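Report on the structure
Spelled out, the chains give:
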Amino acid sequence: MQYIDKTTPIYYDLWTILSKEHKVITPIISKNACSSLVLISLKRDDLEKEYAFKGLGDFWSDNKRDFIINAREYKDFKKVAVIRDPVDRIISAYTTIGRNKRFYDYCDDVIDTLKNVEPKYIDRHITSQFLFYDYKDIDLFIPIEKLNDYLKSIDIQKLEVNKSNVVRFINEETKNKLLEVLKEDYKTYNDILKSDKCFE
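For the structure given in this document, a descriptive report is provided here.

Rules of the game
- Residues numbered from 1 in each chain as written.
- Predicted model: local features only at pLDDT ≥ 70, side-chain atom pairs only at ≥ 80, totals over all residues.
- Heavy atoms only, no water.
- Core = buried A, V, L, I, M, F, W, Y, C linked by side-chain atoms within 4.5 Å.
- Buried < 20%, exposed > 50% of the residue type's maximum accessible area, 1.4 Å probe, protein only.
- Contact = heavy atoms within 4.5 Å.
- Phe/Tyr/Trp six-rings, centres within 6.5 Å; stacked < 30°, edge-to-face > 60°.
- Helix = DSSP H or I, 4+ residues; strand = E, 2+ residues; numbered from the N terminus.
- Polar contact = N/O pair within 3.5 Å; in protein donor to acceptor, adjacent residues only side chain to side chain.
- Pairing = 2+ DSSP bridges.
- Axes fitted to C-alpha atoms, helices over the stretch in contact; angles between N-to-C directions.

Next up on the list: the nonpolar core. Generally speaking, a soluble globular protein has its nonpolar side chains buried in company with each other. Counting residues in each nonpolar core, the largest one holds 39 residues, and the members touching the most others are Ile-25, Ile-90, Tyr-106, Val-110, Ile-126, Tyr-133 and Leu-178. Ignoring sequence-local partners within four residues, the contact set of Ile-126 consists of Tyr-3, Arg-89, Ile-90, Ala-93, Ile-97, Tyr-106, Val-110, Thr-113 and Leu-114. Counting 16 residues, the second-largest nonpolar core is a separate cluster that includes Ile-40, Val-82, Leu-140 and Phe-199.

Given below as structure tokens:
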């Protein structure tokens, strides 16, 4: 089964305010701590437990008008984007879109999708994280594992950021296939890590 979603492009270029005080906005990127960042924007950390039961799909539809902004109206705000290891991001998406099947069957379907489907029509949880914004618009990139350090620097309390441990146990054959289909994403990801636009 391929993970196709023709509505994926409507999720591109969606932004939210991370801090009014520090003038920071961020693009909403599926599987890159997006729900946690939106909860910060709403200043409603209590919602996380509520929607853990209802489902995050309900969270988005119930609240999106309260947190989506037009980034073009915030020209004097700093634009920061969270980045994530591409394989770790794919594995994290398993709990969102693949949990009704065996893990390795999910991986096979993801590989098939990434090989054969036009990127803009791939489910937003597994399509390239770099399609959600224009690279040149971003002032600072934050690796997800350093997100709490960045948030502390702008006076925001620590987040519980989920990071998959499955990547350490994935078999070599599947890992290599994922690395192959994600090689362009890894090139961009590694270039960002080495750039002066990456948070340290």
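Take the packing of aromatic side chains next. Remark: the centre distance and the inter-plane angle together describe each pair of aromatic rings, the angle taken between the planes. For the structure on display, the rule yields eleven aromatic pairs. An angle of 75° between the planes, with centres 5.6 Å apart, marks the rings of Tyr-12 and Phe-132 as edge-to-face. Of this pair, Tyr-12 sits in the segment before strand E1 (15–19) while Phe-132 is found in the loop between helix H5 (103–116) and strand E4 (140–143), placing the two residues 120 residues apart along the sequence. Note on Phe-132: relative accessible area 1%, which makes it buried. Measuring from centroid to centroid gives 5.3 Å for Tyr-135 and Phe-141, while their planes differ by 25°, and the two rings are stacked.

With respect to the helices and strands, the residue Arg-84 is situated in the loop between strand E3 (78–83) and helix H4 (86–98). A residue is classified by how much of its surface remains accessible, and Arg-84, at 3% relative accessible area, is buried. In this structure the side chain of Arg-84 is engaged in a polar contact, spanning 3.5 Å, whose partner is the side chain of Ser-92.

What follows is about the pairing of E1. Buried residues dominate E1, accounting for five of its five residues. Linking E1 back to strand E2 (residues 24–27) in an antiparallel pair, the connection comprises four residues, with Lys-23 at a positive phi of about 55°.

Another point: the sheet that holds E1. Overall, mixed pairing links the four strands, which are arranged E1-E2-E3-E4 in an open sheet. In this open sheet, the two strands that pair with only one neighbour each are E1 and E4. Shown here is a sheet whose adjacent strand axes are inclined to one another by a mean of 35°, direction ignored. Sheet topology note: the E1/E2 ladder contains four bridges and is antiparallel. Bridge pairing in E2 places Thr-16 opposite Thr-26. Across the face of the sheet, helix H1 (residues 34–42) comes into contact with E1, E2 and E3 while running at roughly 65° to E1.

On to unusual backbone geometry, then. A positive phi angle, close to 55°, is found at Lys-23, a residue other than glycine. With respect to the helices and strands, the residue Lys-23 is situated in the loop between E1 and E2. With a phi angle near 70°, Lys-31 is a residue other than glycine that sits in the positive phi range. Structurally, Lys-31 can be placed in the loop between E2 and H1.

When you line up the elements, Ser-92 lands in helix H4. What makes Ser-92 buried here is its relative accessible area of 12%. Engagement of the side chain of Ser-92 in a polar contact is seen with the side chain of Lys-31, the distance being 3.3 Å. Not counting the four nearest positions on each side in its chain, Ser-92 is found in contact with Lys-31 and Arg-84.

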